[in-house]
Amino acid sequence: QVQLVESGGGLVQAGGSLRLSCATSGIIFSSSAAGWYRQAPGNGREWVGTIARTESTVYGDSVKGRFLIFRDNARNTVYLQMNSLKPEDTAVYYCNVVTRTNQVYWGQGTQVNVSS
């Protein structure tokens, strides 16, 4: 059974930082790509960034230079370090993984609220 469990969300003031974690099980994480998405109320799901199995990363323009994605294959976990947070970063954040066989799995989401 594949599971992706996000944690680390919460309330933070603008300018602050949070680190989200996404612990995976039931997949070969080290050979999978992993990504983060977010969805604010009334909006569609927005891509935040992706880390390849090679650990190369790409980010969306709205978070580039502020957010960092990294992974720990020994812990089967991907992280999203969010710095210089803005109120517009408020959203439910989801992690996903794409396996070598192109199967896609999603976590349940974790709420991030940034106050002004």
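Residues numbered from 1 in each chain as written. Predicted model: local features only at pLDDT ≥ 70, side-chain atom pairs only at ≥ 80, totals over all residues. Heavy atoms only, no water.

Q: For this particular structure, what's the right way to read the environment of G10?
A: Considering the arrangement of structural elements, one finds G10 in strand 2 (residues 10–13). Judged by its relative accessible area of 23%, G10 falls in the partly exposed class. In contact with G10, not counting residues within four places along its chain, are L18, Q111, V112 and N113. (Helix = DSSP H or I, 4+ residues; strand = E, 2+ residues; numbered from the N terminus. Buried < 20%, exposed > 50% of the residue type's maximum accessible area, 1.4 Å probe, protein only. Contact = heavy atoms within 4.5 Å.)

Q: Sorry if this is basic, but what is going on with the packing of aromatic side chains here?
A: Aromatic rings considered in pairs are described by the distance between their centres and by the relative angle of their planes. With the rule as written, the count across this model stands at two aromatic pairs. Seen in terms of ring centroids, F70 and Y79 are 4.9 Å apart; in terms of plane orientation they differ by 20 degrees. Their pairing is stacked. Given the relative accessible area of 25%, F70 is considered partly exposed. What makes Y79 buried here is its relative accessible area of 14%. For R45, the ring lying beneath its charged end belongs to W106, and the centroid distance is 4.7 Å. Note that R71 overlies the ring of F29, its terminal NZ or CZ placed 4.4 Å from the centroid. (Phe/Tyr/Trp six-rings, centres within 6.5 Å; stacked < 30°, edge-to-face > 60°. Lys NZ or Arg CZ within 6 Å of the ring centre and 35° of its normal.)

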